[in-house]
Amino acid sequence: MSLLLSDQELILDEDNRLTIGELKKIVKKKQRIYLCSDGDMVPLEDRSSGYYKLAPTAGAPLLEISGVKMHISKGTDPYISASEMAEQVVSQGDKVLDCCSGLGYAAIAAHRLGAREVLSIELSPEVMGLRALNPWSNDLAKEGIVQRQGNSFELINSMTAASFDSVIHDPPRFSLAGELYSEAFYAEILRVLRRHGKLFHYTGNPHMIKRGSGFVDGVIRRLKAAGFKRVEKVPHLMGVRAQK
């Protein structure tokens with residue numbers, strides 16, 4: 001896409017032009033992404049309940065909630081890291097459950113890996129609103145991906161046993177959703193997985209994973225108590241992989 005720059009403005013298309021003053025405002029606010037549409041320029045954020053925004057990276061935007069980054073971004077691209085999470089557990093033809101989907105990058109990656117069906121669950125309507133405006137999330141509309149708004153902890157109870165081949169679980173931090181790190185929830189994941197089904201569970205903080213910690217070791221203990229086997233740390237993805 002080519003853009004026309006004059007001494008007075010940046011011309012995006014016939015309807016959208018940015019003046020020098022507007023460009024200076026954008027430069028000052030480096031950690032925001034703006035949507036230019038119908039002559040208006042607005043940041044891609046939601047302040048209706050907390051502060052949700054899309055933040056720029058060298059590649060795909062990341063989701064930030066109240067100052068906390070929801071993706072691995074240091075030294076990588078959040079879409080690439082989400083794709084690597086999917087690669088840990090998803091195989092051709094799998095039916096995949098993606099809990100706490102966020103911007104949907106892992107769900108899209110699972111679909112591109114050949115999953116026949118992906119169920120993407122996201123609790124926050126604010127996040128779903130932002131991903132609807134995020135071009136990197138457009139593939140969520142493809143056939144084979146089902147988007148559902150709701151609480152993963154509640155919804156999983158109504159799912160049929162042994163109905164998924166793989167699960168990607170990328171919950172918010174423990175202080176915001178401790179139930180998603182509980183043995184009870186892990187037992188439900190195990191229940192909906194088919195025999196030899198696989199789980200990738202993002203836990204965060206690579207230093208804790210490498211050195212060992214009460215938190216990550218607690219996650220591993222609860223996964224084993226729920227019945228998971230071959231539970232192992234995946235340090236570079238800040239998570240844990242396990243198998244039914």
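In case you missed it, the structure is sitting above this.
Residues numbered from 1 in each chain as written. Predicted model: local features only at pLDDT ≥ 70, side-chain atom pairs only at ≥ 80, totals over all residues. Heavy atoms only, no water.

Let us look at helix H2 (residues 78–89). The buried fraction of H2 is high, at nine of 12 residues. Where H2 is concerned, the buried positions are Pro-78, Tyr-79, Ser-81, Ala-82, Ser-83, Met-85, Ala-86, Gln-88 and Val-89. Of the residues that open H2, the one with a side-chain oxygen 2.6 Å from the backbone nitrogen of Tyr-79 is Asp-77. (Buried < 20%, exposed > 50% of the residue type's maximum accessible area, 1.4 Å probe, protein only. Helix = DSSP H or I, 4+ residues; strand = E, 2+ residues; numbered from the N terminus. Polar contact = N/O pair within 3.5 Å; in protein donor to acceptor, adjacent residues only side chain to side chain.)

Taken as a whole and assessed by the stated rule, the structure comprises eight salt bridges. Across the salt bridge formed by Glu-45 and Arg-47, the nearest N and O atoms sit 3.3 Å from each other. Of the residues examined, Arg-47 reaches a relative accessible area of 51% and is grouped as exposed. Between Arg-194 and Asp-165 there is a salt bridge, with its nearest N and O atoms 3.0 Å apart. Taken together, the residues span a long stretch of sequence, with Arg-194 in strand S14 (residues 193–202) and Asp-165 in strand S13 (residues 164–169) at a distance of 29 residues. Under the relative-accessibility criterion, Arg-194 is labelled partly exposed at 27%. One salt-bridge network, held together by shared partners, links Arg-112, Asp-139 and Lys-142. (Salt bridge = Lys/Arg side-chain N within 4 Å of Asp/Glu carboxyl O.)

This part covers unusual backbone geometry. Excluding glycine, residues mostly have negative phi values, and the peptide bonds linking residues are mostly trans. The backbone of Ser-66 sits at a positive phi, close to 50°, despite the residue not being glycine. Its identity is not glycine, yet His-196 carries a phi of approximately 70°, on the positive side. By secondary structure assignment, the location of His-196 is in strand S14.

Per the counting criterion, the structure on display carries six aromatic pairs. Ring geometry for Tyr-79 versus Tyr-105: centroids 5.5 Å apart, planes at 70°, classification edge-to-face. You can see Tyr-79 sitting in helix H2 and its partner Tyr-105 sitting in helix H3 (residues 105–112), a full 26 residues away along the chain. Comparing Tyr-79 with Tyr-105 shows no difference in burial state: the two are buried. Sitting over the face of the ring of Tyr-51, Arg-47 holds its NZ or CZ atom 4.1 Å from the ring centroid. (Phe/Tyr/Trp six-rings, centres within 6.5 Å; stacked < 30°, edge-to-face > 60°. Lys NZ or Arg CZ within 6 Å of the ring centre and 35° of its normal.)

Next up on the list: the packing of helix H6 (residues 183–192) against helix H8 (residues 214–226). Packing of H6 against H8 brings their axes to within 8 Å, and their N-to-C directions diverge by 50°. The angle between H6 and H8 places the two elements in the oblique class. Note on packing geometry: the crossing formed by H6 with H8 is right-handed. Residues Glu-183, Tyr-186, Ala-187 and Leu-190 of H6 form the contact with H8, whose own contacting residues are Val-219, Arg-222, Leu-223, Ala-225 and Ala-226. Of the residues contributing to the contact of H6 with H8, the split by class is seven nonpolar, no polar and two charged. (Axes fitted to C-alpha atoms, helices over the stretch in contact; angles between N-to-C directions. Parallel < 35°, antiparallel > 145°, perpendicular 65-115°, else oblique. Left-handed = near helix turned anticlockwise from the far one by under 90°. Contact = heavy atoms within 4.5 Å. Nonpolar A, V, L, I, M, F, W, Y, C, P; charged D, E, K, R; others polar.)

Turning our attention to the sheet that holds strand S15 (residues 229–234). Across the sheet, seven strands lie side by side as S12-S11-S10-S13-S14-S16-S15; this open sheet has mixed pairing. With one partner strand each, in any of the chains shown, strand S12 (145–149) and S15 form the two edges of the open sheet. Neighbouring strand axes in the sheet, compared pairwise and without regard to direction, differ in orientation by 15° on average. In this sheet, strand S16 (residues 239–243) lies alongside S15 in antiparallel orientation, the contact comprising four bridges. (Pairing = 2+ DSSP bridges.)

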